[in-house]
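Take a look at the letters that make up each chain.
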Amino acid sequence: WRARTRRPPPVLMVAQPVSAPASAPPTGGGVLESLGVEMLQDLGLVALALIIAYLLSAVLTLGAKRLTARTTTDLDDAVIAELRPAVFLGLFALGVWVALGHIELRGQIEYLVMAAIATAVAVISGRSVFRSVILVLREFGRPDRVRRRVPQRLIPLIEYTAQIGVWLLVLHAILVAWDVE
């Protein structure tokens, strides 16, 4: 009976230093110290991506406005104004994607962040493209144009078709961003 219930001899274990549990709140210090240096660097990278996206968007818009200043119509200026938010958000998403290469996030959180950014880019880009198409379509369908290229009765049909096409592309981009098959 004793032979069956006999325990193996204890293994000599080296004592490890006891650390505070991961859920323990930091002692002392302010909010900045509790975030940690790495988190502040990561937030700095995202802020830098935001600043660079704004500056690049402003430079691209300024360059496009210089090119369109030579034309007599205001259509190209209106299209550029519609596309600027999409350009800005696309550049910001690119900057965040580059910053995520340096940020140490868990895989699931990184996936959620990138999918959310891709969704925002798709929706804002789709809105901008659709509004630009409508501007161009209405300009070429104006009754006071000497050479009207789009018949007035076709404009609603083309608008609805463009709307369906653009939003289907946006929906496809969102499904791809969230890995929906």
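How each quantity is defined
- Residues numbered from 1 in each chain as written.
- Predicted model: local features only at pLDDT ≥ 70, side-chain atom pairs only at ≥ 80, totals over all residues.
- Heavy atoms only, no water.
- Helix = DSSP H or I, 4+ residues; strand = E, 2+ residues; numbered from the N terminus.
- Buried < 20%, exposed > 50% of the residue type's maximum accessible area, 1.4 Å probe, protein only.
- Polar contact = N/O pair within 3.5 Å; in protein donor to acceptor, adjacent residues only side chain to side chain.
- Contact = heavy atoms within 4.5 Å.
- Phe/Tyr/Trp six-rings, centres within 6.5 Å; stacked < 30°, edge-to-face > 60°.
- Core = buried A, V, L, I, M, F, W, Y, C linked by side-chain atoms within 4.5 Å.

K.L.:
Would you mind going over unusual backbone geometry in detail, with residue names and values included?
P.N.:
You will see that Asp179, though not glycine, has its phi angle at about 55 degrees, which is positive. In this structure, Asp179 sits in the segment after helix H6 (155–177).

K.L.:
Give a description of the side chain of Thr68 that names residues and reports values.
P.N.:
Position of Thr68 relative to the elements: it lies in helix H3 (residues 37–68). Owing to a relative accessible area of 11%, Thr68 belongs among the buried residues under this scheme. In this structure the side chain of Thr68 is engaged in a polar contact, spanning 3.2 Å, whose partner is the backbone oxygen of Lys65. Reaching out from Thr68, the side chain makes a polar contact with the side chain of Asp77 at a distance of 2.8 Å. When neighbours within four sequence positions are excluded, Thr68 is seen to be in contact with Asp76, Asp77 and Ile80.

K.L.:
Go over the packing of aromatic side chains, please, and point to the residues and values.
P.N.:
What describes a pair of aromatic rings is the distance from one ring centre to the other and the angle between the planes of the rings. A complete count under the given rule lists two aromatic pairs for this structure. For the pair Phe88 and Phe92, a centre-to-centre distance of 6.5 Å together with 10 degrees between the ring planes defines the contact as stacked. With Phe88 and Phe92 both in helix H4 (residues 75–100), this residue pair falls four residues apart, about one helical turn. Considering the side-chain rings of Tyr111 and Trp178, the 6.0 Å spacing of their centres and the 90 degrees angle between planes classify their relative orientation as edge-to-face. Pair noted here: Tyr111 is in helix H5 (residues 107–140) and Trp178 is in the segment after H6, with a separation of 67 residues, a long-range link. Classification of Trp178 as partly exposed rests on a relative accessible area of 31%.

K.L.:
Account for the nonpolar core, with residues named and values stated.
P.N.:
It is characteristic of soluble globular proteins that their nonpolar side chains tend to be buried jointly. Within the largest apolar cluster, nine residues are counted, these being Ala49, Ala53, Leu89, Phe92, Ala93, Val96, Leu100, Ile117 and Val121. Among the elements of the structure, H3, H4 and H5 are those that each provide at least two residues to this core. Looking at this core, the element that brings in the most residues is H4, giving five residues. Residues in contact with Phe92, not counting those within four places in the same chain, are Val46, Ala49, Leu50 and Ala53. Ala122, Ile134, Val166 and Ile174 belong to the second largest nonpolar core, which has six residues in total.

Note that every value here comes from positions in space, so none of it alone points to a role or purpose.
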